[in-house]
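Coordinate analysis (summary)
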Amino acid sequence: MAENKRKTGEEYERRAGAYLAENGYEILEYNFRCRTSEIDIVARDGEYIVFCEVKYRSGTGSGRPAEAVDLRKQKAISKCALYYIASHGLSDSACRFDVVCFEGDTVTLYKDAFDYAGA
């Protein structure tokens, strides 16, 4: 079951990356990991370094995909993003947090979905 979930997650992360690339983003890397969390996609959109969370739901029984990016998840992504910025010497770069959601066949991009939620 967990293997299947991981495979599905990877598939939707790749689909999200293709969607972002079609919309002018440059994909820098997939699945950036730090000690406490992971960022699904790191990309560049113009002047911004974008930290992108990808969420998929086959139906609405578990809620909408964007609802899964709660404050706890935002804090984890923010902490990992801070590590990415520090480890790549990007402290002068503008950053934002986007969320790509898949509900069935519908793709929705939420640009600037949440603010930095660190500390």
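Let me sum up the structure you'll find in this document. None of the values given here were measured: they were computed from a predicted structure. (Residues numbered from 1 in each chain as written. Predicted model: local features only at pLDDT ≥ 70, side-chain atom pairs only at ≥ 80, totals over all residues. Heavy atoms only, no water.)

Across its 17 residues, helix α2 (residues 71-87) extends 24 Å between first and last C-alpha, which sits within 8% of the 24 Å expected from 1.5 Å per residue. Within α2, burial applies to K73, Q74, I77, S78, C80, A81, Y84 and I85. Packed against the buried residues of α2 are β1 (26-33), β2 (38-45), β3 (48-57), β4 (94-103) and β5 (106-114). (Helix = DSSP H or I, 4+ residues; strand = E, 2+ residues; numbered from the N terminus. Expected span 1.5 Å × (residues − 1). Buried < 20%, exposed > 50% of the residue type's maximum accessible area, 1.4 Å probe, protein only. Contact = heavy atoms within 4.5 Å.)

Take the nonpolar core next. In terms of nonpolar packing, the biggest core is built from 17 residues, with I39, V42, I49, F51, Y84, F97 and F114 touching the most fellow members. At five residues, the largest contribution of residues to this core is made by α2. Ignoring sequence-local partners within four residues, the contact set of I39 consists of Y30, N31, F32, F51, C52, I77, C80 and A81. (Core = buried A, V, L, I, M, F, W, Y, C linked by side-chain atoms within 4.5 Å.)

Right, let's talk about the pattern of salt bridges for a bit. Per the counting criterion, the structure on display carries six salt bridges. When the shortest N-O distance is used, the salt bridge between R33 and E38 registers 3.8 Å. Close ionic contact of D45 with R96 constitutes a salt bridge, the shortest N to O distance being 2.6 Å. Placement of D45 in strand β2 and of R96 in strand β4 is noted, with a sequence separation of 51 residues between them. Residue D45 is classed as buried on the basis of its relative accessible area, which comes to 15%. Owing to a relative accessible area of 7%, R96 belongs among the buried residues under this scheme. (Salt bridge = Lys/Arg side-chain N within 4 Å of Asp/Glu carboxyl O.)

Most of β4 sits inside the fold, with seven of its ten residues counted as buried. Relative to β4, β3 runs parallel, the two being bridged by ten bridges. Opposite V54, over in β4, you have V100 as the bridge partner. As defined by bridge partners, β4 adjoins β5 across six bridges and the pair is classed as antiparallel. (Pairing = 2+ DSSP bridges.)

This part is about the environment of A117. For A117, the position within the fold is in the segment after β5. The buried category is assigned to A117, whose relative accessible area is 10%. C-alpha separation for the pair A117 and L71, spaced 46 residues apart in sequence, amounts to 7.5 Å.

The strand order across the open sheet built from five strands is β1-β2-β3-β4-β5, with neighbouring strands paired in mixed fashion. Each edge of the open sheet is held by one strand with a lone partner, namely β1 and β5. Ignoring which end each strand starts from, the neighbouring axes of this sheet average 30° apart. (Axes fitted to C-alpha atoms, helices over the stretch in contact; angles between N-to-C directions.)

Attention shifts here to unusual backbone geometry. Backbone geometry at N31 places phi at a positive 50°, although glycine is not the residue there. In this structure, N31 sits in strand β1. The phi dihedral of D112 is positive, around 55°, even though this residue is not glycine. Mapping D112 onto the fold places it in strand β5.

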